[in-house]
Amino acid sequence: MKLLVCITKTPETTAKIAFTDGDSKFDESGVQFIMNPYDEWYALVRALELKEQHGGTVTAINVGPAANDVIIRKALAIGADDAVRIDTEALSSSQVAANIAAHAKDKGYDVIFTGKESIDYNGSEVGGMVAEHLGLPYVSYASHMDHDGSKATVSRDIEGGVEVVDVAGSFVLSASKGLAEQRIPNMRGIMMAKRKPLNVEAAAVSDSKVSVVSYTLPAAKGGVKMIDPENMDELVRLLHEEAKVI
Amino acid sequence: MSVLVLAESPKGKFKKAAYEAVHYGHKAAQSLGGECVALVIGACDDPGALGTYGASKVIHVADYAGGIDALVYASIIGQVAGQVGAKAVVVNHSSTGKSIAGRVGVKMDAGVVSQVNSVPVAEDGGITVTKPVFSGKAFAKCKIAGDKCVLSLMGNALPIEEVGSPCAVEAGSVDIPANSVTVKETKTVDGEVPLPEAELVVSAGRGMKGPENWGIIDELAKTIGATTACSRPVADTGWRPHHEHVGQTGVAIRPNLYIAAGISGAIQHLAGVNSSKCIVVINKDPEAPFFKAADYGVCADLFDVVPRLTEAFKKMKDA
Ligand SMILES: Cc1cc2nc3c(=O)[nH]c(=O)nc-3n(C[C@H](O)[C@H](O)[C@H](O)COP(=O)(O)OP(=O)(O)OC[C@H]3O[C@@H](n4cnc5c(N)ncnc54)[C@H](O)[C@@H]3O)c2cc1C
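Residues numbered from 1 in each chain as written. Chains lettered and ligands numbered in written order. Predicted model: local features only at pLDDT ≥ 70, side-chain atom pairs only at ≥ 80, totals over all residues. Heavy atoms only, no water.

### Overview of the overall build of chain B
Point 1. Within chain B, the regular secondary structure consists of seven helices and 16 strands.
Point 2. Relative to the 2.2 N^0.38 estimate, which gives 20 Å for 319 residues, the radius of gyration of chain B is 21 Å and therefore close to what a compact globule would have.
Point 3. Judged by the C-alpha coordinates and their principal axes, chain B covers about 60 × 45 × 40 Å.
Point 4. Per-residue burial over chain B gives 59% buried out of 319 residues. (Helix = DSSP H or I, 4+ residues; strand = E, 2+ residues; numbered from the N terminus. Rg over C-alpha atoms; globule rule 2.2 N^0.38 Å. Buried < 20%, exposed > 50% of the residue type's maximum accessible area, 1.4 Å probe, protein only.)

Here it is in structure tokens:
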């Protein structure tokens, strides 16, 4: 099988969220970046499992500058065979998706994986966009997939349950928790990753339809009101009369 | 010019989310100019009801029964958007809406912003709208270049108001493409409000000690009609089902009331819940970080406090 896994770079989950340049830019100083957990833990690992089962290749793709190579090397260390980096600043989901689609067109990938969303912009947009560019089915929020090499049965997370769908031929899949178990790269993987091909391609699309004008932080909480554990009637009264939520 | 809103009707019925989307579409139409047209795909008992929340008409594509298929939905939405001259398309930020928004954006060559929580405004030769980013740790004001946009609306973002009366329903005239996926089965828990839509949530963490102790949490949730949730380690160890896991790598929620018992309040947990209107934290450790994000705190053993809180709610209901 020919498998493509879209990976992106996000701030580490405990990173301090602050902004610079008149609150128009994310402040990257001191921030550690990681591979987006949904891409790494679920999408990439399920792709590797399919390759182990049916043979084939797993290619990781990222749209971004050379600084992203660390993340891409990690995908290679976990087990991807090769990688592609589309060399441009990733400006928006539409521009990222258009570039991934331009790469994937005519390559005949059986499954194109994304994570269900990135943990920074939480857009959940790229998978559907890639599918539309390529005219392929899109199966989102997959928490389980069986694939026999030509067709798949996928459980997708929906509100309050799951939906089971069949899909045949090439398709785009977004990965939720449960699709696979996280793998930690070992020493051998890390050594091998250094010799695996990381091909840099020029961007096909460089304009972006959406940009961020400014960021704001949520208003600070007024401070917690501590309630006497012996007096839960008081808590219920406050929820009813003061907070008016019940 | 119009704003086209997809109103989901799972099992033929609208839920709150459909009214939210239509009412948001109504406000977007007032802001951007034009009228709000609602689109209903598949079986629906009462499509005209959407007029009450601001739709000026409803287009009903009744003869489709192929389930949620992003390719088919995007095709239908694209055709209807062309017919009604829609510059903006609104969907819910739901598993369905999120699957479709990107596809429709590509089809219409429009900018896509997901999880919006404000009404779009035309300014500076584009459209601006806000959304939470970094899993709720901040908000971004986004600018869409041009005059076409696709927006997915965050749940519980704006109050719903009744602004009109039931409206006319037109039968949609579209070419429905062949299904790209076959929906075999839909398994949902009936009777419980799904987490992303819930207004009241009772959540518990590792402080519960084991799955056998969850009775007091279920009882509290049942008493106030809340949906249950949990922290990540609790779902990872199989104490609770995965769909209850809230936080940065789980479900992001925004209920009116979030009650957290035996959860420390790690930054990744807070990321998914800190947009809740009111947070109550029950924890025996006065240093638990969650207290800093709480509106009300109870510092005590949850095994004493939770049953007492349930009793207090029962007393209020009976009064
Ligand atoms: C990349 C990444 C992503 C993550 N994503 C998420 C996520 O999406 N959601 C999430 O929840 N976590 C997430 N985590 C994990 C997170 O860091 C915490 O480990 C987790 O939230 C802790 O769960 P907890 O609060 O249930 O357990 P603990 O941190 O062990 O806290 C248990 C709490 O219960 C209290 N307690 C114990 N007994 C009692 C009692 N009898 N009465 C009252 N209080 C009691 C304790 O004082 C303590 O504060 C993520 C971590 C990483 C690294």
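### Details of the confidence of the model for chain B
Residues shown with low pLDDT carry predicted positions that ought not to be read at fine detail.
Point 1. Considering every residue of chain B, the mean pLDDT works out to 96; 100% of them sit at 70 or more.
Point 2. This complex was scored by the predictor with a pTM of 0.94 and an ipTM of 0.95. (pLDDT = per-residue confidence, 0-100.)

### A word on the nonpolar core
Point 1. If you look at the biggest cluster of nonpolar residues, it comprises 46 residues, and the most contacted ones within it are A:I112, B:L4, B:L39 and B:V89.
Point 2. Tallying contributions element by element places helix 2 (residues 70-83) of chain B first for this core, with eight residues.
Point 3. With residues near it in sequence (within four places) discarded, B:L4 still touches B:V37, B:L39, B:I77, B:V80, B:A81, B:V84, B:A86, B:A88, B:V89 and B:V90.
Point 4. By size, the runner-up hydrophobic cluster in this structure holds 44 residues, among which are A:F19, A:Y215, B:V3 and B:L50. (Core = buried A, V, L, I, M, F, W, Y, C linked by side-chain atoms within 4.5 Å. Contact = heavy atoms within 4.5 Å.)

### Quick word on the site of the ligand
Point 1. Neighbouring the ligand are 28 residues, the closest being B:S231, B:T249, B:S264, B:Q268 and B:H269.
Point 2. Bordering the ligand are residues originating from chains A and B.
Point 3. Contacts to the ligand include B:S231, whose side-chain N or O atom sits 2.5 Å from an oxygen atom.
Point 4. Note that a nitrogen atom of the ligand is positioned 2.8 Å from one of the backbone N or O atoms of B:L302.
Point 5. For the ligand, the protein covers 81% of the area, taking 990 Å² as the surface of the free molecule.
Point 6. Among the secondary structure elements, those contributing two or more residues to the shell around the ligand are helix 5 (232-236), helix 6 (267-273) and helix 7 (302-318) of chain B.
Point 7. Broken down by class, the residue content of the shell around the ligand amounts to eight nonpolar, 14 polar and six charged. (Near = heavy atom within 4 Å. Polar contact = N/O pair within 3.5 Å; in protein donor to acceptor, adjacent residues only side chain to side chain. Areas by Shrake-Rupley, 256 points an atom, 1.4 Å probe, with all protein chains shown as cover. Nonpolar A, V, L, I, M, F, W, Y, C, P; charged D, E, K, R; others polar.)

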